[in-house]
Amino acid sequence: MKILFNILDEIFGIKRLVEKNEIGHTNMDSRKVQKGDLFFAINNGNSYIDDVLEKGAALVIADNYNGNDKRVIKVGNTIKCMQELAEKYRKALDIKIIAITGSNGKTTTKDIIYSVLSQKYVTAKTMGNLNNHIGVPFTILQLDEKCEVAVLELGMSNFGEIDLLSSIVKPDIGVITNIGDSHLEFLKTRENVFKAKTELVNYVSDGNLIVFGDDPFLRNLNGIKVGYGDNNNYQIKNFTDSDKGLSFELEQEKYSIVLNGKHNCVNAAMAVVIGKKMEVSYKEIEKGLKNLELTPMRFQKIEKENIIYINDAYNASPISVSFSLETFDKLYNDTLKIVVLGDMLELGEKEIEYHKDIIEKALTVNSDKIYLYGERMKKALEIVKSNKEKVIHFTNKEDIKKLLEKEQKKTAVLLKGSRGMKLEEIIR
């Protein structure tokens, strides 16, 4: 990573410290450090500086170090230094960056766009959940200098965070998937979520902003709109969904993808639009949709003996749970169907009301049993007035697991809850 080395040398004068005038990888996990790496000591990472130096780290950037090893560069704030370096490195790279934000669907949309663009370009993407003020700059600093395109998620929980990340990323294309009820613990209203998410708009031109045009908050933005309504620049038509996946038409061309749900059809359509903008051929787009590899726990199908688990347990908000329920409603209707719902976190003052609404929604879905887990679900169930005969609340996941294992019929199980609920532990 010679470009990054030159930037570091320009700021800190590191030529005298680093062998071969080159940096290996960028790292912030002391357990993964290899010889020649640049290590950012963040928070508790300062305690492992001696360890990473012994492993052969070429350089350490730290804000809490009392030793005298010349390979350690002491700064006022490691995170801020990482952000500033990432901004300089991004400017120096010959690369196109697609930045994705929104309340739901960021990771799935990222995965689809990555799969489409990687058919033509050397492409990178956000790994795992590295989408915050630390993860985004860290991801940029890991980009190979030969990379042509990067597809990055921008996450947030409050005002100013998307603005900060956008200023570092400097996106060529921006995507806003939707405006939902996530982050209400901090932002209070969906109007505020809209204001926070659309901080991205200041960094991309109208012709390079892709949004879900059916969203009531996004439909009036200047940009390229994708969706089902007549107001969209790219209108999805002839949508079908089955156990094998979904298919749709966009501008008289047919596409299919091994995903389910109307919301994922929009995500796929956005990827098609970006593919076209970046001169990816129809055959390449088709291949990218066909060869999609999703980040785990996003409506992930896992078969274990007689049970098909739909592991959608990475995260949850009222909108994303509704999407999952609506999709599950149409699938696996020749089997026993069980919905497992965990608490939705960070919803603020109206959290019990949101949970009540979701339980009532689940009761309208084609399923045989509904299992609930979490204190919020328990409180919400107490005020649900609908017929609750098929609903059971559990105080621990092991009991749910044991009950599922007793099922003799072929069974489909939907798992949906916030990350903190770890519903994937139910999968045997």
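Scroll up for the structure.
Computed from a prediction, not measured in an experiment: that's the story for all the values here.

K.L.:
If you had to explain the overall build of the protein to someone new, which residues and values would you point to?
P.N.:
Summing up its helical and strand segments, the protein has 14 helices and 19 strands in all. Overall, the C-alpha framework of the protein stretches about 75 × 50 × 40 Å when taken along its three principal axes. Residue burial in the protein is summarised as follows: out of 428 residues, 55% are buried. Long-range pairs, those at least 24 residues apart, make up 62% of the contacts in the protein between residues at least 6 apart in sequence. With the model as given, the accessible surface of the protein reaches about 19,300 Å², and the carbon-plus-sulfur share is 45%. Side-chain charges of the protein comprise 62 positive and 62 negative groups, with the mean position of each set lying 1 Å from the other.

K.L.:
So what's going on with the packing of helix α4 (residues 106-117) against helix α10 (residues 282-290)? Residues and values would help.
P.N.:
Relative to each other, α4 and α10 sit at 135°, their axes nearing to 7 Å. Accordingly, the angle class assigned to the pair α4 and α10 is oblique. Our pair here, α4 against α10, has a crossing hand that is right-handed. Taken together, the residues of α10 that come into contact with α4 (itself represented by Ile112, Ser115 and Val116) are Ile285, Gly288 and Leu289. Per-class residue counts for the contact of α4 with α10 are four nonpolar, two polar and no charged.

K.L.:
Please give an account of the sheet that holds strand β8 (residues 173-176) that cites residues and values.
P.N.:
Sheet strands pair by backbone hydrogen bonding; their relative direction is either parallel or antiparallel. The strand order across the open sheet built from nine strands is β6-β7-β5-β8-β9-β10-β11-β12-β13, with neighbouring strands paired in mixed fashion. Pairing within the sheet leaves two strands with one partner each, and these edge strands are β6 (123-125) and β13 (253-257). The average undirected angle you get between the axes of adjacent strands in this sheet is 20°. α4 rests against β5 (96-101), β6, β7 (149-153), β8 and β13 of the sheet, and its axis sits at about 175° to β7.

Conventions used here
Residues numbered from 1 in each chain as written. Predicted model: local features only at pLDDT ≥ 70, side-chain atom pairs only at ≥ 80, totals over all residues. Heavy atoms only, no water. Helix = DSSP H or I, 4+ residues; strand = E, 2+ residues; numbered from the N terminus. Buried < 20%, exposed > 50% of the residue type's maximum accessible area, 1.4 Å probe, protein only. Contact = heavy atoms within 4.5 Å. Areas by Shrake-Rupley, 256 points an atom, 1.4 Å probe, with all protein chains shown as cover. Lys, Arg positive; Asp, Glu negative; His and termini not counted. Charge placed at Lys NZ, Arg CZ, Asp CG, Glu CD. Axes fitted to C-alpha atoms, helices over the stretch in contact; angles between N-to-C directions. Parallel < 35°, antiparallel > 145°, perpendicular 65-115°, else oblique. Left-handed = near helix turned anticlockwise from the far one by under 90°. Nonpolar A, V, L, I, M, F, W, Y, C, P; charged D, E, K, R; others polar. Pairing = 2+ DSSP bridges.

Purely spatial values, then, with no claim about function.
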